[in-house]
Amino acid sequence: DAGVTQSPTHLIKTRGQQVTLRCSPKSGHDTVSWYQQALGQGPQFIFQYYEEEERQRGNFPDRFSGHQFPNYSSELNVNALLLGDSALYLCASSNGQLRGYTFGSGTRLTVV
Amino acid sequence: SQELEQSPQSLIVQEGKNLTINCTSSKTLYGLYWYKQKYGEGLIFLMMLQKGGEEKSHEKITAKLDEKKQQSSLHITASQPSHAGIYLCGAVAGGTSYGKLTFGQGTILTVHP
């Protein structure tokens, strides 16, 4: 049973560029959340998608946007990249019940 | 907003020693998750605690939830080098069955052989 799959695993972008990160949830899960983890810190919630809509959003600027597709997979888009956007981006899926969130291995984004 | 504070921030132990990591919440805990993370990698689910007084064990790791104290503890018995990594506690606010996980800052565990 495949867990949460994220792509790409690593990415280097230039300041000002745009980036798209992808996530396929665990089989049976319909909810996808995105987190940003800076070095030495705990993950910070970006937003959550359920039924193709953004259900909840953390304290991130509008440069961060997302999408969920009918097959429950999701994308995270970041526009006008800043050096401070360099981080590990984690995707987590769940099925709406209090049974735990399954995390992917993350995408390491480096902005130069 | 809910905040989680973990202690200690880092821990160095000799193989075979027992250790405890604490997670204290600024608000009532309705559910508490423990994850382990290897540096730069994804989070591995360890345990989820939902009720006050609940205690769960998996192999040599035991977690407890003290609802009154708004605190959870993670205890490792007879630590091994394979236990090394970053331990993170996370909580969902407000008792909802969905929503954002708020994480502590993490506890870095080093186990010397």
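Rules used in this analysis
Residues numbered from 1 in each chain as written. Chains lettered and ligands numbered in written order. Predicted model: local features only at pLDDT ≥ 70, side-chain atom pairs only at ≥ 80, totals over all residues. Heavy atoms only, no water. Contact = heavy atoms within 4.5 Å. Buried area = accessible area lost by both parts, 1.4 Å probe. Salt bridge = Lys/Arg side-chain N within 4 Å of Asp/Glu carboxyl O. Nonpolar A, V, L, I, M, F, W, Y, C, P; charged D, E, K, R; others polar. Helix = DSSP H or I, 4+ residues; strand = E, 2+ residues; numbered from the N terminus. Polar contact = N/O pair within 3.5 Å; in protein donor to acceptor, adjacent residues only side chain to side chain. Pairing = 2+ DSSP bridges. Axes fitted to C-alpha atoms, helices over the stretch in contact; angles between N-to-C directions. Buried < 20%, exposed > 50% of the residue type's maximum accessible area, 1.4 Å probe, protein only. Phe/Tyr/Trp six-rings, centres within 6.5 Å; stacked < 30°, edge-to-face > 60°.

## Here's the deal with the interface of chain A and chain B
- Counting from both sides, the interface comprises 23 residues of chain A and, opposite them, 22 residues of chain B.
- Around 1800 Å² of area is buried between chain A and chain B when both sides are counted, 57% of it from carbon and sulfur atoms.
- Applying the counting criterion to the chain A and chain B interface returns zero salt bridges.
- Its residues assigned to classes, the side of chain A that touches chain B shows nine nonpolar, eleven polar and three charged.

## With respect to the environment of A:Val111
All names here are of chain A.
- Mapped onto the elements of the fold, Val111 is located in strand S11 (residues 107-111).
- Residues Val111 and Asn59 lie 52 residues apart in sequence; the distance between their C-alpha atoms is 20 Å.
- Not counting residues up to four positions away in its chain, the partners in contact with Val111 are Lys13, Thr14, Arg15, Leu81, Leu82, Leu83, Asp85 and Ser86.

## Some details on the side chain of A:Ser74
Residue and element names in this part refer to chain A.
- For Ser74, the position within the fold is in strand S8 (residues 74-78).
- Polar contacts involving the side chain of Ser74 include one to the side chain of Trp34, which spans 2.9 Å.
- Within the local environment of Ser74, its side chain forms a polar contact with the backbone oxygen of His67, the two atoms lying 2.9 Å apart.
- Excluding residues within four positions of it along the chain, Ser74 makes contact with Leu21, Arg22, Cys23, Val32, Trp34, His67, Gln68 and Phe69.

## Quick word on the sheet that holds strand S1 (residues 4-7) of chain B
All names here are of chain B.
- With respect to topology, five strands assemble into an open sheet ordered S1-S3-S8-S7-S6, the strand pairing being antiparallel. On the outer flanks of this sheet lie S1 and strand S6 (55-58), each paired with one strand and no other. Neighbour-to-neighbour, the strand axes of this sheet turn through a mean angle of 15 degrees, independent of strand direction.
- Examined bridge by bridge, S1 and strand S3 (residues 19-25) share four bridges and lie antiparallel to one another.

## Considerations on the pairing of strand S9 (residues 87-94) of chain A
Residues and elements named next belong to chain A.
- Counted residue by residue, S9 has eight buried out of eight residues, so it is predominantly covered.
- Of the two faces of S9, the one carrying Ala87, Tyr89, Cys91 and Ser93 and the one carrying Leu88, Leu90, Ala92 and Ser94 are both buried.
- Of the strand pairs in this sheet, strand S4 (residues 31-37) and S9 are connected by seven bridges, and their pairing is antiparallel. Considered in S9, the bridge of Trp34 is made with Cys91.
- Of the pairings in the sheet, the one linking S9 to S11 comprises three bridges and is antiparallel in character. Across the sheet, Leu88 pairs through a bridge with Arg108, a residue of S11.

## As for the packing of aromatic side chains
- Per the counting criterion, the structure on display carries eleven aromatic pairs over all chains.
- Residues A:Tyr101 and B:Tyr33 carry aromatic rings whose centres are separated by 5.5 Å and whose planes lie at 75 degrees to one another, so their mutual orientation is edge-to-face. Within this pair, whereas A:Tyr101 is found in the loop between S9 and strand S10 (102-103), its partner B:Tyr33 is found in strand S4 (residues 32-37), the two belonging to separate chains. For the pair A:Tyr101 and B:Tyr33, one class covers both residues: buried.
- Arranged with centres 6.0 Å apart and planes meeting at 70 degrees, the rings of A:Phe103 and B:Phe103 form a pair that is edge-to-face. Separated into two different chains, A:Phe103 in strand S10 and B:Phe103 in strand S10 (residues 101-103) make up a pair that spans both. In this structure, A:Phe103 and B:Phe103 share a single accessibility class: buried.
- One aromatic cluster in this structure is built from A:Tyr35, A:Phe45, A:Tyr101, A:Phe103, B:Tyr33, B:Tyr35, B:Phe45 and B:Phe103.

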